[in-house]
Amino acid sequence: QVLLVESGGGLVQPGGSLRLSCGASRITFSIYTMGWYRQAPGKQRELVASITGSSTTTYADSVKGRFTISRDNAKNTVYLQMNSLKPEDTAVYYCNAKSGSLGFWGQGTQVTVSS
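What counts, and at which threshold
Residues numbered from 1 in each chain as written. Predicted model: local features only at pLDDT ≥ 70, side-chain atom pairs only at ≥ 80, totals over all residues. Heavy atoms only, no water. Helix = DSSP H or I, 4+ residues; strand = E, 2+ residues; numbered from the N terminus. Buried < 20%, exposed > 50% of the residue type's maximum accessible area, 1.4 Å probe, protein only. Pairing = 2+ DSSP bridges. Phe/Tyr/Trp six-rings, centres within 6.5 Å; stacked < 30°, edge-to-face > 60°. Lys NZ or Arg CZ within 6 Å of the ring centre and 35° of its normal. Contact = heavy atoms within 4.5 Å. Salt bridge = Lys/Arg side-chain N within 4 Å of Asp/Glu carboxyl O.

Draft legend 1. Here's a closer look at the environment of Pro41. Take Pro41: it is sitting in the loop between β4 (33–39) and β5 (46–51). Relative accessible area serves as the criterion here: at 75%, Pro41 is assigned to the exposed category.

Draft legend 2. Just the pairing of strand β11 (residues 109–113), in detail. The alternating pattern of β11 places Thr109, Val111 and Val113 on a buried face and Gln110 and Thr112 on a face that is not buried. Bridging between strand β2 (residues 10–12) and β11 involves three bridges; their strand directions are parallel. Looking across to β11, one finds that Val12 is bridged to Val113. Relative to β11, strand β9 (residues 91–99) runs antiparallel, the two being bridged by three bridges. Bridged to Tyr93 within β11 is Thr109.

Draft legend 3. Here's a closer look at the packing of aromatic side chains. Per the stated rule, a full pass over the model turns up three aromatic pairs. Between the aromatic rings of Tyr32 and Phe104, the centroid separation amounts to 6.2 Å while the plane-to-plane angle is 50°, which identifies the pairing as tilted. Here the residue Tyr32 occupies a position in the loop between β3 (18–25) and β4, and Phe104 occupies one in strand β10 (residues 102–105), the gap between them amounting to 72 residues. Among the aromatic side chains, those forming a connected cluster through ring pairs are Tyr37, Tyr94 and Trp105. Lying over the aromatic face of Trp105, Arg45 brings its terminal NZ or CZ to 4.6 Å of the ring centre.

Draft legend 4. Structural context of the environment of Leu4. Within the secondary structure, Leu4 is located in strand β1 (residues 3–7). By relative accessible area, Leu4 is classed as buried at 4%. Each C-alpha atom, one on Leu4 and one on Ile51, is 16 Å from the other, the two residues being 47 residues apart in sequence. Setting aside residues up to four positions removed in sequence, Leu4 forms contacts with Cys22, Gly23, Ala24, Cys95, Asn96, Ala97, Phe104, Trp105, Gly106 and Gln107.

Draft legend 5. How the structure looks around the side chain of Ser21. By the element assignment, Ser21 lies in strand β3. With residues near it in sequence (within four places) discarded, Ser21 still touches Val5, Glu6, Ser7, Trp36, Thr77, Val78 and Tyr79.

Draft legend 6. Region of the structure containing the pattern of salt bridges. All told, the structure shown has four salt bridges when counted by the stated rule. A salt bridge links Arg38 to Glu46; the nearest nitrogen and oxygen atoms lie 2.8 Å apart. The salt bridge partner of Asp61 is Lys64, with a shortest N-O separation of 3.2 Å. Here the two residues Asp61 and Lys64 agree in accessibility, since each one is exposed. One network of salt bridges, in which partners are shared, links Arg38, Glu46, Arg66 and Asp89.

Dropping the structure here:
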């Protein structure tokens with residue numbers, strides 16, 4: 001069974017930083033496009049950032065210049081470095097792995113940006 005486990009969420013003040021991690025098991029990690037999504041209460045889940053197996057990255061306009069996605073294939077891990085955090089970044093952040101028609105989700109980690 002595929003398992004994706006997020007970690008690194010928590011409470012941070014506006015302007016602060018967090019780094020999220022997502023470790024994957026039971027997949028050939030290097031062939032999957034990895035993504036970070038987030039969902040705030042009352043809103044749809046949205047793509048924050050993604051990174052392909054060839055390390056091409058995509059970012060939502062709202063986080064461009066503040067967030068950086070990266071991956072370490074040797075560790076089967078994808079990261080999301082979040083800087084200059086804003087209250088509107090508050091959400092549950094989910095890790096996603098996708099290859100062709102196959103897609104998998106982690107359980108999510110809470111990020112709260114508040115004074």
